[in-house]
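Structural overview for review
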Amino acid sequence: MATLLYRLGRAAYRRARTVLVAWLLVAFALLGVGLGLGGSTDDTFTIPGTESQQALDELEQLFPEVAGASVQAVVVAPDGARVDDPELRAEIDAIAADLADVDGVDQVLGPFDEFADNQVSDDGTVAIIQATLEGQQAEISDETLDAVIATGDGRDARVEFAGQIFADQVPGITIIEAIGVGIAGIVLLITFGSLRAAGMPIISALLGVAVTMGGIFLVAAAAPVSSAAPLLALMIGLAVGIDYALFILSRHRTQLASGMDPAESAGVAAGTAGSAVVFAGGTVIIALAGLLVVGIPFLSIMGIGGAVAVAVAVAAALTLLPALMGLAGARLVPREGSRAWKRAHPGASATPTMGRRWVRGVMRRPWLTTVGVVAVLGSMSIPAFALDLNLPDGGKEPAGTTQREAYDLIADAFGPGTAGPLLVTVDITQTNDVLDDLEAIGDELASVPGVANVSQGIPSPGLERAIFRVAPETAPDAAETKQVVAELRALGDELVERYDTPIAVTGVTAIGIDISTRLTGALVPFGLIVVGLSIVLLMAVFRSVLVPVKAALGFLLSVGTALGVTVVVFQWGYGAELLHVEPGPILSFMPIILMAVLFGLAMDYEVFLVSGMREQHVHGASPREAIEEGFTNGARVVTAAALIMFLVFAAFVPEGLNLIKPVALGLAVGIAVDAFVVRMTLGPALMTLFGRRGWWFPRVLDRALPNLDIEGEALGVHRRAEAWAAEHARSVLVADEVRVDGVDLVLNADVPAGSRLALSAPAAVRRPLMAGLAGYLPLAGGRARVADALLPAQQARAARRVTLVDLDPLRLPAGATLDGLAGDRLAAARSRRSVDAWWGALASRLASADQADTARALTRIDTGTPLAALTPYERALVAAALGTIDAAPVLLVDTGELPLDTVAAADRLLEAAAPTAARILIGDAATGLPRDERAAGRLTTPTTGADAPAHSFDADPPVDTLNPEATR
């Protein structure tokens, strides 16, 4: 992957304007189409498979008059008046009539109608008009809503409207978020010491967010998307977009200060730091996509939106950022003597950096640091055990909106439960006395503790279901309301026995409670999956047991602290006024979103700090030296990244959408604690205590887990191989100490175009060796250049540059003929020549090359004769001829046990038909061919370096594969 990212970064750097224009076009196109189609959000929460959702779905089929989206018009009498005064009563009737006339309103129930119940407050100052719309929230047009609100205009009484349908449907961005981005820019300016460099991560992140937001609005025009989804995507996209670009740009500037070519540096930065970015982004995407398994549609949409935002941020960091680097060119090189230049030349400054001083202080007192951090964070996590989850109700809408005003009026005049009533559905298909049974059931419901009042039971037109509106004494998001729902459902078993009438509890409040219950139940399993995944991934990265366990436990401390602080602020109300939040239950999906996002970011910081320590350890540094050097190299960029994350997330707390505020606060606290306390304080302390034991890794795990090269170590090998291959540009095939598994011989070779190298080896050696050179088997050691492919990195490319020729096949396909085999090969090569034409042209070429005997042998072969009927000599010529059809630059020929005259004839055919191909012939008689002075090579034993008996040129001296001319 590192090599692929290296090439991608170089390509984007060299085609900077094209890449930038492409990103701009995509961003403007998606935003234009998405906003042009009028995409808006929908905060209708559904939860398939629960009692509340099933009951609501049944009502849509059997009792659509009460299942549609509902509106409550709240009428408040002027001071000193009552709603039942004749003038106000007439006005209320007029409002109800106007509502009934609105296109899209299904039915209206006025406070003084026959079936009205509890729609006038005890003091007579507030009345409620109930209206049911046609369809669910997502199906209601803006025109219908405008017409509904217009019915309250110009009245003597105050009229406000309540209902989920009036929730804020267009996510807005305030000046606070812009200030957060501005402060992030200041952090970048301090980090890079360059205004040009500081602007690049912000430009990259903003363009990425524009693409994401345009895509979300485009989806919102066709499918329901909650109002939190775009803001969550915006928040995450901005934060990770800036961070990922910061990591890559920081590596680029350090390399420029070290004297690397700018284009090469862009590619290397994309291949090394970019690999870590892909790993970090991939973990966040996996965690967010994991929200799909919870089975809640709106949460799935949020997870997908966040995952897309992260994916776009990764793509922008790997393509758009190198393009911006390309536009800046050498102007990004730090000035000599600047802070950025000194960071690339540690010996240039005698004063230790702050990061070095910090880690030295931590390592001096590792036990004190460890105990202190665990004690403090553990204490801050205790409030998390009091977590109370719920979905927001009208009381969480922004102050001053009609829904918030109406909610407050209903809660004050009728009690908080009336603002979010429960719907109890009753199956009346088995009762013979509907009205009496409904009256008795209503009394039973009213007797449940915590129920304030129960409406009359209203049967459906087909007498399949009846509904009761049950108003709890407490608010919809109160813990007591959850208990009321549980007791109503428990009462259902008794009602079935007495009246044979199953009941179900539904409505917006009940659905919210069911969602919270499911999310609470999913929290621990999801957390275990995330922690388990982090341990496995980090084991694959660091080849250690203790390091991943330390990282996972630190992640749990970060999550616990973030949840604890959120409970203290949002649930208990400490500091709520300062942050412009209202105390109450925590948003149901906040903890699971927090874990998903924080998981990826925590792994990111862990990788950037610990990978440097591992590199120092591998190179022989002592444990303390490895910790100090690794920490010092990564501390500055991690500090800047965490500060930016914190500022971006914190900016969404004071004036953000109420749905987003707890998520933003939790992420801001989680990022700060994880980066500065867990990774940069607790991490070095524990690594000091671990010592060399920190890098212990059992062999069984080493074999079982893949080695994830997220720091691009393979890229360094590849670049060195490219430099080595450039020194041998005159040769088509060069092998340097090449080994394959199962073969105890080493190949060194240098074969220019048109030349031939002949070696002698048994079948057990030649077949795997040729497969390794052709890219079909991985090399066990060494390196090779096969045409323009480098081994071991580019096996697939090497396979396309090589044709394997078996002159003496052990088994032949039944009935195979030259005509059939050549026809297939010519078709694969997209040649328009027929087999006869190709065969005749080959014979003519041999004749003109003074190979008359071989040409006559070809003309005697009938192309339709089965190969099994040919002589070994003829089969060898046919195999050689077939091998030239692909026009591969490298031919690897297994001569088997054929006699020398047959091998020589096949070789002459290969030379005439493929004059520019580099040929290696391996077999018993191959070394009897005339020696080609242009090529050199031999097979040797790896232990002594001596020639392997009977497996090499007797006449060749030991070959220097780096300079074969010097050998000769």
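Right, let's walk through the structure included here.

Reading the values: rules and limits
- Residues numbered from 1 in each chain as written.
- Predicted model: local features only at pLDDT ≥ 70, side-chain atom pairs only at ≥ 80, totals over all residues.
- Heavy atoms only, no water.
- Helix = DSSP H or I, 4+ residues; strand = E, 2+ residues; numbered from the N terminus.
- Contact = heavy atoms within 4.5 Å.
- Areas by Shrake-Rupley, 256 points an atom, 1.4 Å probe, with all protein chains shown as cover.
- Buried < 20%, exposed > 50% of the residue type's maximum accessible area, 1.4 Å probe, protein only.
- Pairing = 2+ DSSP bridges.
- Salt bridge = Lys/Arg side-chain N within 4 Å of Asp/Glu carboxyl O.
- Lys, Arg positive; Asp, Glu negative; His and termini not counted.
- Core = buried A, V, L, I, M, F, W, Y, C linked by side-chain atoms within 4.5 Å.
- Domains from an automatic or database assignment.
- Phe/Tyr/Trp six-rings, centres within 6.5 Å; stacked < 30°, edge-to-face > 60°.
- Lys NZ or Arg CZ within 6 Å of the ring centre and 35° of its normal.
- Axes fitted to C-alpha atoms, helices over the stretch in contact; angles between N-to-C directions.
- Left-handed = near helix turned anticlockwise from the far one by under 90°.
- Nonpolar A, V, L, I, M, F, W, Y, C, P; charged D, E, K, R; others polar.
- Parallel < 35°, antiparallel > 145°, perpendicular 65-115°, else oblique.
- Expected span 1.5 Å × (residues − 1).
- Arc of directions from axis to C-beta.
- Patch = residues over 30% accessible without salt bridge, like charges linked within 9 Å, V, L, I, M, F, W, Y side chains within 5 Å.
- Charge placed at Lys NZ, Arg CZ, Asp CG, Glu CD.

Scanning the chain from N- to C-terminus turns up 32 helices and 20 strands. Contacts spanning at least 24 positions in sequence make up 78% of the contacts within the chain whose residues lie at least 6 apart. For the chain, the computed accessible surface area is about 39,200 Å², with 58% contributed by carbon and sulfur atoms.

A few words now on the pairing of strand β12 (residues 731–740). Most of β12 sits inside the fold, with 8 of its 10 residues counted as buried. Where β12 lies against strand β13 (residues 746–752), 5 bridges are found, and the strand directions are antiparallel. When the sheet's bridge partners are listed, Ala735 is paired in β13 with Ala749. Once β12 ends, the chain turns through 5 residues before running back antiparallel as β13, passing Gly742 with a positive phi of about 90 degrees. When β12 meets strand β15 (residues 779–786), the two strands line up antiparallel, connected through 6 bridges. Pairing of Val734 across the sheet is with Arg785, part of β15.

A few words now on the environment of Leu538. Checked against the element boundaries, Leu538 lands in helix α18 (residues 508–542). Exposure remark for Leu538: the relative accessible area of 0% places this residue in the buried category. C-alpha of Leu538 to C-alpha of Met603: the two residues are 65 residues apart in sequence and 8.1 Å apart in space.

Side-chain pairs of opposite charge can arise whenever the charged atoms involved come near each other. One pass over the full model with this rule turns up 30 salt bridges. When the shortest N-O distance is used, the salt bridge between Arg158 and Glu160 registers 3.3 Å. For Arg158, a relative accessible area of 36% gives the class partly exposed. Residues Arg931 and Glu933 are paired through a salt bridge, measuring 3.9 Å at the closest nitrogen-oxygen approach. Overlapping salt bridges, with partners in common, bring together Arg356, Arg360, Glu628 and Glu629 in one network.

Considering the arrangement of structural elements, one finds Asp243 in helix α9 (residues 228–257). No salt bridge is formed by the buried Asp243; the nearest opposite charge belongs to Arg679, separated by 12 Å. Every residue in contact with Asp243, bar those within four places of it in the chain, is listed here: Tyr605, Ala641, Ala642, Ile644 and Met645.

Below, the discussion takes up the nonpolar core. One finds Tyr244, Leu299, Phe589 and Ile593 to be the most contacted residues of the largest nonpolar core, which totals 163 residues. Inspection of this core shows a minimum of three residues originating in each of domain 1 (1–39 + 173–271 + 297–349) and domain 3 (366–387 + 515–697). For Tyr244, the residues in contact, after removing those within four places along its chain, are Val277, Ala280, Gly281, Val284, Val310, Ala313, Val314, Ala317 and Asp604. Formed by 43 residues, the second largest nonpolar core is a distinct cluster that contains Leu818, Val835, Leu870 and Val903.

Before going further, it helps to examine the packing of aromatic side chains. Under the definition given, this model contains 3 aromatic pairs. Residue placement shows Arg89 over the ring face of Phe112; its charged tip is 4.3 Å from the ring centre.

Further remarks concern the packing of helix α13 (residues 354–364) against helix α21 (residues 623–650). Here α13 crosses α21 at 145 degrees, and the two axes come no closer than 9 Å. Note that α13 runs across α21; the crossing there is right-handed. Between α13 and α21, the contacting residues are Gly355, Arg356, Trp358, Val359, Arg360 and Met363 on the first element and Arg624, Ile627, Glu628, Glu629, Phe631, Thr632 and Ala635 on the second. For the contact of α13 with α21, a count of residues per class yields 6 nonpolar, 2 polar and 5 charged.

Let us look at the packing of helix α10 (residues 262–289) against helix α20 (residues 590–618). For the pair α10 and α20, interaxial distance at closest approach is 7 Å and the crossing angle is 160 degrees. As far as their axial angle goes, α20 and α10 are roughly antiparallel. Viewed along their axes, α10 and α20 form a crossing whose handedness is right-handed. Taking contact as the criterion, the partners of Ala273, Ala276, Phe279, Ala280, Thr283, Val284, Ala287 and Leu288 in α10 are, on α20, Ala596, Val597, Phe599, Gly600, Leu601, Met603, Asp604, Val607 and Phe608. Across the contact of α10 with α20, the residue classes break down as 14 nonpolar, 2 polar and 1 charged.

In a regular helix each residue adds 1.5 Å, so 16 residues correspond to 22 Å; helix α5 (residues 86–101) covers 23 Å between its end C-alpha atoms and thus fits that length. Among all positions of α5, only Leu88, Glu91, Ile92, Ile95, Ala96 and Leu99 are buried. Each buried residue of α5 sits inside an arc of 140 degrees when the element is viewed along its axis, so together they form one side. Seen from the buried face of α5, the exposed residues on the opposite side, beyond 90 degrees, are Pro86, Glu87 and Asp101. Here the buried face of α5 lies against β1 (70–76), β2 (105–109), β3 (126–133), α6 (142–150) and β4 (158–162).

Here the focus is the sheet that holds strand β18 (residues 890–896). As a general point, the strands of a sheet are linked pairwise by backbone hydrogen bonds and lie either parallel or antiparallel. The strand order across the open sheet formed by 4 strands is β14-β19-β18-β17, and the pairing between neighbours is parallel. Two strands in the sheet have a free side with no partner beyond their single neighbour: β14 (756–759) and β17 (802–806). Sheet twist, expressed as the average angle between the axes of neighbouring strands with direction ignored, equals 15 degrees. As defined by bridge partners, β17 adjoins β18 across 5 bridges and the pair is classed as parallel. What sits directly across from Val805, in β18, is Val893. Together, β17 and β18 form the strand contacts of helix α30 (residues 872–883), whose direction differs from that of β17 by roughly 175 degrees.

Here we come to helix α3 (residues 51–62). Between its first and last C-alpha, α3 extends 16 Å over 12 residues, near the 16 Å set by a 1.5 Å rise per residue. What α3 keeps buried is the set Ser52, Gln53, Ala55, Leu56 and Leu59. The buried residues of α3 all sit within an arc of 160 degrees when viewed along its axis, so they share a single face.

Relative to the helices and strands, Phe542 is located in helix α18. Taking relative accessible area as the criterion, Phe542 reaches 1% and is therefore assigned buried. Taking the C-alpha atoms as reference, Phe542 lies 7.2 Å from Arg614; in sequence the two are 72 residues apart. Those residues in contact with Phe542 that sit more than four places away from it in its chain are Val547, Glu606, Val607, Val610, Ser611, Arg614 and Trp695.

This paragraph deals with the sheet that holds β3. The strand order β2-β3-β1-β4 describes an open sheet built from 4 strands, whose pairing is antiparallel. In this open sheet, the two edge strands, each paired with only one partner strand, are β2 and β4. On average, each strand axis in the sheet is tilted by 25 degrees relative to the strand beside it, whichever way the strands run. As paired strands, β1 and β3 are joined by 7 bridges and run antiparallel to one another. Bridged to Val76 within β3 is Val126. Each of β1, β2, β3 and β4 touches α5; the most contacted strand, β3, lies at about 10 degrees to it.

What follows concerns a negative patch on the surface. Together, Asp433, Asp436, Glu439 and Asp443 line one region of the surface with negative charge. One can find Asp436 in helix α16 (residues 434–446).

Here the focus is the side chain of Thr566. Assignment of secondary structure puts Thr566 in helix α19 (residues 546–571). For Thr566, the residues in contact, after removing those within four places along its chain, are Gln571, Ile586, Met590, Pro662, Leu665 and Gly666.

Of the consecutive residues Leu791 and Pro792, the connecting peptide bond is found in the cis state with omega at 15 degrees. Note on placement: Pro792 falls in the loop between β16 (789–791) and α26 (795–801). Phi angles above zero are rare outside glycine, and Asp500 is one such case at about 60 degrees. Phi is positive for Glu737, close to 55 degrees, though the residue is something other than glycine.

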